[in-house]
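# Residue-level structural notes
Now for the letters of each chain:
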Amino acid sequence: MFILVNLKAYPCDPIEVATAARDVAEESGVRIAVSPQAADISRVADTGVETWAQHVDPNDYGSHTGSTLAEAVAEAGAVGTLINHSENRLKLADIDGSIQAAERAGLETCVCGNNPGQIGAVAALGPDSVAVEPPELIGGDVSVATADPGIVTDAVDSAANVDEDVDVYCGAGISTGDDVVTAEELGASGILLASGVAKADDPRAALEDLVSGL
Ligand SMILES: O=C(CO)COP(=O)(O)O
C-alpha cells in the first residue's frame, strides 16, 4: 500500500511531518509520500521523504503568470503530483493537459475523482493512478472504506474496465491502521489522506498507526 499525505493548506509544520514520514517509511518498508504546499516542496524534499506536488498546471514554460509549472516542481524535488481535487476542481481538458505536463516533467500522476464515474473518466486519460474521494466524507471522522465501501470497489472496477494499469487509491476520513487495511481489502492499492496526519497532535504516531497493519 502507498500512503500519500496531502498537507493541503493546513497550518502544520511540513518538515515535522516530512521527517516523520521519512522515518516511518524507512522503519516499516511502506511507501509514504508527502504533498506539501508548492512553496514548501524544496525543503520537504530535502528531508529525503518522497515528495509530491498538490497540483501542476497544463502550461509549458512561457508567459503564464501565477501558474504552477510541472518542470519547476520537479526541479524543486517533487517526483509526483496530485491533479484535480474536490477542493480544486478542474475541467476534463485541463486534467488531460496537467497529466501531459506532469509526464513531460517526469512526475508520477494521481488524479482525484469524487465518485466511480469520475474515476472511470479520468482513468481514460492515462494517469499512473486515480484516487476516489467522496467530498462529503473529506475531513470527517469516518473512513470512506467503512462509510461507503461500495464506492471503493466500484471505483476499482471502473478504473479496471478502462485501463488495468491505473492504480486506484481511496481517501476521505482515513486515520487509522484499520482504515488502511480495510481499504486494501476493498482493492485499493493506496490511500490519500490529510487531516489524520496534518491535524494530528503527534504526526509520527499517526503515521506509525497507519502502517501498523501492513
Ligand atoms: O482530501 C483528502 C486528501 O486529498 C482527504 O482528506 P482527509 O484525510 O482529511 O479526509
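This structure is a prediction, so every number in the text was calculated from the model and none was measured. (Residues numbered from 1 in each chain as written. Predicted model: local features only at pLDDT ≥ 70, side-chain atom pairs only at ≥ 80, totals over all residues. Heavy atoms only, no water.)

### Here's the deal with the packing of aromatic side chains
Across all of its chains, the model carries two aromatic pairs by this definition. With centroids separated by 5.7 Å and ring planes inclined at 45 degrees, the aromatic side chains of Phe-2 and Trp-52 adopt a geometry described as tilted. Highlighted residues: Phe-2 in strand E1 (residues 2–6) and Trp-52 in strand E3 (residues 50–53), separated in sequence by 50 residues. No difference in accessibility class separates Phe-2 from Trp-52, as the two residues are buried. An angle of 70 degrees between the planes, with centres 5.6 Å apart, marks the rings of Phe-2 and Tyr-169 as edge-to-face. You can see Phe-2 sitting in strand E1 and its partner Tyr-169 sitting in strand E7 (residues 167–171), a full 167 residues away along the chain. We classify Phe-2 as buried; its relative accessible area is 4%. Taken together, the aromatic side chains of Phe-2, Trp-52 and Tyr-169 make up a single cluster linked through ring pairs. (Phe/Tyr/Trp six-rings, centres within 6.5 Å; stacked < 30°, edge-to-face > 60°. Helix = DSSP H or I, 4+ residues; strand = E, 2+ residues; numbered from the N terminus. Buried < 20%, exposed > 50% of the residue type's maximum accessible area, 1.4 Å probe, protein only.)

### Details of the confidence of the model for the protein
If pLDDT is low for a region, its predicted coordinates should not be looked at in detail. Confidence in the prediction for the protein averages 98 pLDDT; 100% of positions are at 70 or higher. Taken together, the chains of this predicted complex give a pTM of 0.98 and an interface ipTM of 0.99. (pLDDT = per-residue confidence, 0-100.)

### Observations concerning the sheet that holds E1
In space, the eight strands of this closed barrel follow the order E1-E2-E3-E4-E5-E6-E7-E8, with parallel pairing throughout. Pairs of neighbouring strands in the sheet enclose a mean axial angle of 25 degrees, with direction left out of account. In this structure, E1 lies alongside strand E2 (residues 31–35), joined through five bridges in parallel fashion. Looking at E2, one finds that Val-5 is bridged to Val-34. Along the sheet, helix H4 (residues 92–104) contacts strand E4 (80–83) and strand E5 (108–113); its crossing angle with E4, the most-contacted strand, is approximately 180 degrees. (Pairing = 2+ DSSP bridges. Axes fitted to C-alpha atoms, helices over the stretch in contact; angles between N-to-C directions. Contact = heavy atoms within 4.5 Å.)

### What about the packing of helix H1 (residues 14–28) against helix H10 (residues 203–211)?
At a minimum axis distance of 9 Å, the contact between H1 and H10 shows a crossing angle of 30 degrees. For the pair H1 and H10, the crossing hand works out as right-handed. Contacts from Glu-16, Val-17, Thr-19, Ala-20, Ala-21, Asp-23, Val-24, Glu-27 and Ser-28 of H1 reach H10 at Pro-203, Arg-204, Leu-207, Glu-208 and Val-211. A per-class count over the contact of H1 with H10 returns seven nonpolar, two polar and five charged. (Left-handed = near helix turned anticlockwise from the far one by under 90°. Nonpolar A, V, L, I, M, F, W, Y, C, P; charged D, E, K, R; others polar.)

### Focus on the UniProt feature "binding site: substrate" (unreviewed entry) in the protein
Residues annotated in UniProt with the feature "binding site: substrate" (unreviewed entry) correspond here to Asn-6, Leu-7, Lys-8, Ile-138, Gly-173, Ala-194 and Ser-195. Across 190 residues of sequence, these annotated residues stay compact in space, with a maximum C-alpha separation of 14.3 Å. Along the chain, the position of Lys-8 falls in the loop between E1 and H1. When residues no more than four places from it in sequence are discounted, the contact partners of Lys-8 are Ser-35, Gln-37, Gln-54, His-85, Glu-87, Ile-138 and Ala-194. (UniProt positions renumbered as here; feature names shortened; annotations may be inferred.)

### Quick notes on the pairing of E2
Taken residue by residue, a regular strand's side chains alternate between the two faces of the sheet. Of all five residues making up E2, four are buried, and the element is well covered by its neighbours. Relative to E3, E2 runs parallel, the two sharing two bridges. Residue pairing for E3: Ala-33 is matched across the bridge by Glu-50.

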